[in-house]
Amino acid sequence: MDSATRRRLYVWVAADRPVIVLTTHLTKRYPRTVSPLAMDVHPAELLACGATRVYVDGSPEPLTEQWDEPEPRFRYVEPLTAPPVSRRSLLGLSTKLPVDPAAPDTTRLTQALDVLAARGVDVSALRPALPALTATGCIACGVCTKVCPEQALWVATTDTSVATLYHDRTRCRADGVCIDVCPYNALSRADSQDPAPVVALASGTLTTCAKCHTRFIGAGPLCPTCERQQRDPFGSWLPRP
């Protein structure tokens with residue numbers, strides 16, 4: 001589901017406060033008192049946005065007796081590619097959303113759980129395990145920050161020329177692209193129970209390479225790339241397979 005479709009869904013939920021059933025069985029029918037949706041969104045997101053109740057129906061069996069209504073009162077499952085439109089949207093009224101529809105999956109779930117926790121709901125068992133990385137030998141070259149699709153990695157530099165590589169674990173999709181492209185094989189996955197959403201992976205004082213003038217974390221005088229080229233001018237240096 002793209003962010004625009006997700007936003008329409010959130011706006012409808014926030015405005016109409018429906019009772020929702022999430023299901024994987026698109027051919028089932030439900031009574032008009034509930035809104036059946038394809039199961040492509042976390043229930044916590046819908047509850048945080050204002051859904052009255054959210055049920056999850058994973059059974060392929062026929063409807064239960066209490067939902068045995070006359071034929072005209074049934075509705076079929078709505079695909080989330082075309083969510084209902086709220087009355088507020090039709091009137092051009094804005095709706096403030098507690099969950100960012102454009103955020104990554106982990107971030108949206110974290111935002112939704114924070115909203116529910118503020119309402120007094122115990123969500124400790126629902127907190128997702130955040131991805132974790134470790135950096136050994138990082139020189140703050142910035143390659144990983146350029147390829148990260150969610151901008152979960154960035155390098156911050158202070159006035160004293162100290163560079164720090166940060167990792168936003170709530171935005172990270174754990175797809176491993178940063179690990180694959182690191183030219184110095186510095187990044188790897190870690191098993192961490194640290195609940196901190198943002199962590200510093202590496203930090204150090206920047207030095208300017210005497211040959212290519214690139215700034216990097218290290219003692220110098222040459223950066224690792226220039227050192228390798230000096231040792232082996234005709235060799236190649238590829239990331240880990």
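Residues numbered from 1 in each chain as written. Predicted model: local features only at pLDDT ≥ 70, side-chain atom pairs only at ≥ 80, totals over all residues. Heavy atoms only, no water.

In the annotation of an unreviewed UniProt entry, the entry for the protein reads 4Fe-4S binding protein, and the organism field reads Corynebacterium pyruviciproducens.

## Structural notes on the sheet that holds strand 1 (residues 19-23)
Taken together, three strands build an open sheet; the order of strands is 3-1-4 and the sheet is parallel. If you trace the sheet from one side to the other, it starts and ends with strand 3 (35-38) and strand 4 (53-57), each paired once. Between one strand and the next, the sheet's axes are offset by a mean angle of 25°, whatever the strand orientation. With five bridges joining them, strand 1 and strand 4 adopt parallel strand pairing. Looking across to strand 4, one finds that Leu-22 is bridged to Val-56. (Pairing = 2+ DSSP bridges. Helix = DSSP H or I, 4+ residues; strand = E, 2+ residues; numbered from the N terminus. Axes fitted to C-alpha atoms, helices over the stretch in contact; angles between N-to-C directions.)

## Quick word on the side chain of Thr-107
Counting through the fold element by element, Thr-107 comes out in helix 4 (residues 105-118). Judged by its relative accessible area of 9%, Thr-107 falls in the buried class. (Buried < 20%, exposed > 50% of the residue type's maximum accessible area, 1.4 Å probe, protein only.)

## Thoughts on the side chain of Thr-164
Following the sequence through the fold, Thr-164 ends up in strand 8 (residues 162-168). Classification of Thr-164 by relative accessible area gives buried; the value is 9%. A polar contact is formed between the side chain of Thr-164 and the side chain of Ser-203, at a distance of 3.0 Å. In contact with Thr-164, not counting residues within four places along its chain, are Trp-154, Val-155, Ala-156, Ala-200, Ala-202 and Ser-203. (Polar contact = N/O pair within 3.5 Å; in protein donor to acceptor, adjacent residues only side chain to side chain. Contact = heavy atoms within 4.5 Å.)

## What to know about the pattern of salt bridges
Two side chains that carry opposite charge are able to pair once their charged atoms sit near each other. Across all of its chains, the model carries five salt bridges by this definition. One salt-bridge network, held together by shared partners, links Glu-45, Asp-105 and Arg-108. (Salt bridge = Lys/Arg side-chain N within 4 Å of Asp/Glu carboxyl O.)

## Remarks on the packing of aromatic side chains
With the rule as written, the count across this model stands at one aromatic pair. Ring geometry for Trp-154 versus Tyr-166: centroids 5.7 Å apart, planes at 25°, classification stacked. With a gap of twelve residues between them, Trp-154 in strand 7 (residues 153-157) and Tyr-166 in strand 8 connect regions that are remote in the sequence. Looking at Trp-154, the relative accessible area reads 33%, which means it is partly exposed. (Phe/Tyr/Trp six-rings, centres within 6.5 Å; stacked < 30°, edge-to-face > 60°.)

## Some details on unusual backbone geometry
Of note in the backbone geometry, Ala-140 takes a positive phi value of approximately 60° without being a glycine. On the accessibility criterion, Ala-140 (15% relative accessible area) is buried. The backbone of Asn-185 sits at a positive phi, close to 50°, despite the residue not being glycine. Note on placement: Asn-185 falls in the loop between helix 6 (177-181) and strand 9 (187-189).

## Remarks on the sheet that holds strand 11 (residues 215-217)
Each strand in a sheet pairs with another by means of backbone hydrogen bonds, the pair being arranged parallel or else antiparallel. Judged by pairing direction, the sheet is antiparallel, and its four strands sit side by side in the order 7-8-10-11 without closing on themselves. Strands with a single pairing partner mark the edges of an open sheet, and in this sheet they are strand 7 and strand 11. Strand-to-strand twist in this sheet, taken as the mean axis angle between neighbours without regard to direction, amounts to 35°.

## Things to note about the pairing of strand 8
Within strand 8, five of the seven residues are buried, which leaves the element mostly enclosed by the surrounding structure. Pairing between strand 7 and strand 8: five bridges, direction antiparallel. The partner of Ala-156 across the bridge, within strand 8, is Thr-164. Turn length for the strand 7-strand 8 hairpin, with the two strands adjacent in sequence and antiparallel, is four residues, and the turn residue Ser-161 shows positive phi of about 65°.

## Comments concerning helix 1 (residues 3-16)
Between its first and last C-alpha, helix 1 extends 20 Å over 14 residues, near the 20 Å set by a 1.5 Å rise per residue. Of the positions making up helix 1, those classed as buried are Thr-5, Arg-6, Leu-9, Tyr-10, Val-11, Trp-12, Val-13 and Ala-14. At the N-terminal boundary of helix 1, the capping side chain belongs to Asp-2, with an oxygen 3.1 Å from the backbone nitrogen of Ala-4. Just past helix 1, the residue Arg-17 takes up positive phi, approximately 45°. (Expected span 1.5 Å × (residues − 1).)

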